[in-house]
Amino acid sequence: MRIGYVGLGAMGRPMAINLAKARHDLVVCDPDETATRILAQRGAQVAKSAREVADEADIVLACLPNLTSAEAVGIGADGVIHGSRASAFVNMGTTGSAYSRDMAEKLGAEGKAFLDAPISGGPPGAEAATLGIMCSGDRKTFDALETALNDIAAKVVYIDERPGSAQTMKLVNNIISFGNLSVALEAMTLGAKAGLDPEQMIEVINASSGKNSATERKIPNHVLTRSFDYGGAMYIIEKDLDLWRREAEAYEAPMWLGTNIRTLFLQAMNEFGRDKDMTVLAKTLENLAGVEIPKTR
Amino acid sequence: MKIGYIGLGAMGRPMAVNIANAGIDLVVADTDQTRTAILAQRGAEVAGSAKAVAEEADIVLACLPNLAAADAVALGAEGVIAGGRAKAFVNMGTTGSAFSRGVAEKMQAAGKAYLDAPISGGPPGAEVGTLGIMCSGDRETFDGLEATFEAIAAKVVYLGDTPGHAQVMKLVNNIIFFGNLAVALEAMTLGAKAGLDPEQMIEVINASSGKNSATDWLIPDHVLNGALDFGGANYIIEKDLDLWRQEAETFETSMWLGMNIRTLYKQSFTENGLDTDITTLMKTLGKMAGHEIPKTR
């Protein structure tokens, strides 16, 4: 089976490399020639467009950074929908569920299947092949792809047959992840201002009921070092927060805390820029509290 | 060495029982004679007041349910400060740091040492002797309590010699814990309304970046089974949130998210009652969404 990969960015490139390492037959494309060259060195065929990839591969995976490119790659003039060989398109980006339902419908009209497969774990997870992949949509495509997905992920879950379910699932996970980081950081600025040692705070919290993904990894490894280099850029967070807000509106669900979390991240983007790491949220909270969490590693 | 214990309530009684069972020389006091009788059966001496306890014991521990009682027990005319033998007073309640600083100063002026030792783990932890204790203040007193703490706790941390630090640490941990639950429930309420299976949501989140203490054990073990029986009563949560807000004011930090979290819990207290469990928050969110997270086990 030939697998196509469109979009060799922060997530796509390490994913494609891990697929190549696992000896899958790959054809890739990306406007960035350094990226395609790296994959070519690992034995992948390089194509010039999503359509060309879909002429060569049986199933085409795509991970794009925004909805515009995700749409073009899926159903644009040079998109997968026009490829002769591909029977399925797999959306690995975070696009929100409306996009997925739309893609599934349009691809279905052309006899192609659609699978939603958004990922979690960031660039570190992509590189270490320890991603979480949540899938929904065409079951046959999932079954055919399951081995390959397990080669690049630590956890692969099939949710249900509805395109979009996996997107909603991812956004639910992400808002909790953003909440973990922002609630923990805000609380730690209070602790820091009261004179508590950040290393002790982290140690106590991780042995107590406050433990979360941020107190376990993001804060000790990327904030207490003052390196702010987790690898999730603010503009991606902004996109995820916008998509989550649309899901909440679509399903008419409350978002008291989620809205507040989003506002804090937007404040951080305004202060420090959208190209900065998500962990610079710490600096916004520090500014609000009038204290800096000291560097301890 | 003789240990004194004042306040034999939901936490104090099981703690004192465990201390007595460990063969430690114990003298206790409580206004409720049924409680003191239980301890007398275990070989503890019963005294008629905090002062009387402090006339008999070397180190006096206290765990009272409100600040007024805690203040009277420590500094009142019949309080520990007036007892001749006791060399140290140990505050095991969650009182906030202002209480600690005030009492420590007055105790020190009276030639007595002070140790903050707030606990976590609730009545279940107190019963089986697996509490977490965070301490700050007099080091010698802390060292002198090694055997006593071993009888009642699984984890003991010394944060340094500043009275109040352990109080802030506990409240910092707790607001993150309350946030973990609230953010996860709000997000899962959206997911449930979008048709996602709660068991799958939990499975995915715990393998992804959203994992926190609530998704790890609180929601699966106490919400998804419909039991809503974690054991943290809303009136305790309310007290902790009020104390946390006072810390925020003391240290002049705005705490946008924490205040939002507090408001959401306040809504739950009003709707579900102060005597119900912290997890009843899920009903408040379900009401707002017009869709509650369903029972799955």
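Higher on the page you've got the structure.
Residues numbered from 1 in each chain as written. Chains lettered and ligands numbered in written order. Predicted model: local features only at pLDDT ≥ 70, side-chain atom pairs only at ≥ 80, totals over all residues.

A. Spotlight on the packing of helix α9 (residues 165–193) of chain B against helix α14 (residues 281–289) of chain B. Residues and elements named next belong to chain B. Packing of α9 against α14 leaves a shortest axis separation of 10 Å and a crossing angle of 40°. Taken together, the axes of α9 and α14 lie oblique to each other. For the pair α9 and α14, the crossing hand works out as right-handed. Contacts from Leu-181, Ala-182, Leu-185, Glu-186, Thr-189 and Lys-193 of α9 reach α14 at Leu-281, Met-282, Leu-285, Gly-286 and Ala-289. Tallied by class, residues from the contact of α9 with α14 come to seven nonpolar, two polar and two charged. (Axes fitted to C-alpha atoms, helices over the stretch in contact; angles between N-to-C directions. Helix = DSSP H or I, 4+ residues; strand = E, 2+ residues; numbered from the N terminus. Parallel < 35°, antiparallel > 145°, perpendicular 65-115°, else oblique. Left-handed = near helix turned anticlockwise from the far one by under 90°. Contact = placed C-beta atoms within 7 Å. Nonpolar A, V, L, I, M, F, W, Y, C, P; charged D, E, K, R; others polar.)

B. View of the environment of Ala-54 of chain A. Checked against the element boundaries, Ala-54 of chain A lands in helix α3 (residues 50–56). Sequence-distant contacts of Ala-54 of chain A, that is, excluding residues within four places in its chain, are made with Gly-4, Val-60, Val-80, Gly-83, Arg-85 and Ala-86 of chain A.

C. Local environment of the interface of chain B and chain A. At the junction of the two partners, chain B supplies 60 residues and chain A supplies 56 residues. Broken down by secondary-structure element, the contributors of at least two residues to the side of chain B that touches chain A are β8 (131–137), β9 (153–158), α9, α10 (198–206), α11 (213–222), α12 (234–250), α13 (256–272) and α14 of chain B. Residue contributions to the side of chain B that touches chain A peak at 20 residues, all from α9 of chain B. For the side of chain B that touches chain A, the class distribution of residues is 31 nonpolar, 22 polar and seven charged.

D. Fine view of the packing of helix α4 (residues 67–75) of chain B against helix α5 (residues 97–109) of chain B. All names here are of chain B. Running from N to C, α4 and α5 cross one another at 10°; their axes reach a closest spacing of 11 Å. Comparing the axis directions of α4 and α5 gives the class roughly parallel. Residues Leu-67, Ala-70, Ala-74 and Leu-75 of α4 touch α5, and the partners they reach there are Phe-99, Val-103 and Lys-106. In terms of residue class, the contact of α4 with α5 is made up of six nonpolar, no polar and one charged.

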